[in-house]
Amino acid sequence: MTRDLRRLLITPGRLPAGPSAGAELELDRQELHYLTRVLRLRPGDRFAVVDGAGSLWTALLGPADQALLEQPPSSPLAFEPSPAPPLQLAVALPKRDADVLLRMACELGVDRFTPLQAQRSVAADSLKPERAEAILREAVEQCERLWQPQLESLRPAAELLGARPPGGSGRGLLCTARRPGLALLAQALERLGGPPGASELTVAIGPEGGWTPGEEALALAHGWQAVSLGTTILRCSTAAVSAAGLLSHWRAQQIGAPS
């Protein structure tokens, strides 16, 4: 029923109070423009409302600046638990197109996106909060996921790599190049296995010039595992998207879902 409906993402706090269907959802100018100008919906047309926290309702576009929920706010039409295990992608942002990278990571199922400042990072694109929020909102609506990923603030790479991986020992994979004998990321993921409810898995991607020897040594000393994305040297944005795709496929296999 909802597969063919276009989606509107709102924050959970926007939901109206009320125990029954027919509750009115106030729409802001941007949402009205999206529904009526971009999607060309008319009053009475149905669309889906998602809260980025696993829930989905259907709604009818009403008059003026309102929509009418067809299910009670407390009883969504569909609910999905948060994806498990959670996937974190930590990336030294590229010089250009950081917004494109963020969008692709969201579409590929990353749950936490962490921008890094590495020693060889160049003056990278900044992910301004308002712009990043819009990118994530549009990507969530487009790819039809029910959980909005978390975007962290820029942090020094040494801060992340100088501690145990967030998910614990063995749950941090450091993608690097020009080191013979490393396992491929896909192989390392296969070896992990584990139940769907396992702890967070983090993959770290370095800058265009790669990690410094000091950064790699720091990570390895704190329980990170160095892995390879293949024999060619990839741009960091290419490496990040490749890693995100492999992570998404691996998790789908763990839970038996189509990837």
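Here the residue numbering is sequential within each chain, running from 1 through the sequence in written order. Residues qualify for local features only when their pLDDT is at least 70, as the model is predicted, and side-chain atom pairs are given and counted only at 80 or more; totals for whole chains, interfaces and linings, by contrast, use all residues. Only hydrogens and water are removed before side-chain values are computed, so all heavy atoms of the structure are retained for them.

(A) Seen up close, the overall build of the chain. When you go through the chain residue by residue, the secondary structure sums to seven helices and 13 strands. Taken along its principal axes, the extent of the C-alpha atoms in the chain is 65 × 40 × 30 Å. Relative to its full complement of 259 residues, the chain shows a buried share of 46%. Residues count as neighbours in contact if any of their non-hydrogen atoms are within 4.5 Å of one another. Long-range contacts, defined as pairs at least 24 residues apart, comprise 75% of the intrachain contacts of the chain with a sequence gap of at least 6. Working note: accessible area of the chain is about 12900 Å², and carbon and sulfur atoms make up 52% of it. The chain carries 26 positive and 27 negative side-chain charges, and their two centres are separated by 6 Å. In this description a helix means any DSSP run of H or I spanning at least four residues, a strand means any run of E spanning at least two, and both kinds are numbered starting from the N terminus. A 1.4 Å probe rolled over the protein chains alone gives each residue an accessible area, and that area as a share of the maximum for its type sets the label: buried under 20%, exposed over 50%, partly exposed in between. A 1.4 Å probe and the Shrake-Rupley method give the accessible areas. Residues count as covered only by the protein chains that appear here. Charged residues are defined narrowly, with Lys and Arg counted positive, Asp and Glu counted negative, and His plus the chain ends left uncounted. Charged groups are reduced to one reference atom each: NZ for lysine, CZ for arginine, CG for aspartic acid, CD for glutamic acid.

(B) Structural context of the packing of helix α5 (residues 185–192) against helix α7 (residues 236–255). Close contact between α5 and α7 brings their axes to 10 Å; oriented N to C, the two are set at 25°. Comparing their axes, α7 and α5 come out roughly parallel. For the crossing formed where α5 meets α7, the hand is right-handed. Within the contact between the two elements, α5 uses L185, A186, L189, E190 and L192 and α7 uses A243, L246, L247 and W250. For every element, the axis is a line fit to its C-alpha atoms; helices are fit only across the contacting stretch, and the angle between N-to-C directions ranges from 0 to 180 degrees. Just so you know how the angles are binned, under 35 degrees is roughly parallel, over 145 roughly antiparallel, 65 to 115 roughly perpendicular, and the rest oblique. Helix crossings fall into two classes, left-handed where the near helix is turned counterclockwise from the far one by less than a right angle and right-handed where it is turned clockwise.

(C) Molecular detail of unusual backbone geometry. Backbone torsion omega between A84 and P85 reads -5°, so that peptide bond is classified as cis. Along the chain, the position of P85 falls in the loop between β6 (78–79) and β7 (87–92). Positive phi outside glycine occurs at A64, with the angle close to 55°. The exposure class of A64 is exposed, given its relative accessible area of 67%. Unlike most non-glycine residues, E144 shows phi in positive territory, near 65°.

(D) Representation of the pairing of strand β11 (residues 172–175) in the model. Along β11, one buried face is formed by G172 and L174 and the opposite face, lined by L173 and C175, is buried too. Any two strands between which DSSP finds at least two bridges are classified as paired. Sheet analysis places β11 next to strand β12 (residues 201–205), joined by four bridges and oriented parallel. Looking at β12, one finds that L173 is bridged to V203. As judged from the three bridges shared by β11 and strand β13 (residues 225–227), these two strands associate in the parallel manner. Across the sheet, the residue bridging to C175 is V227, located in β13.

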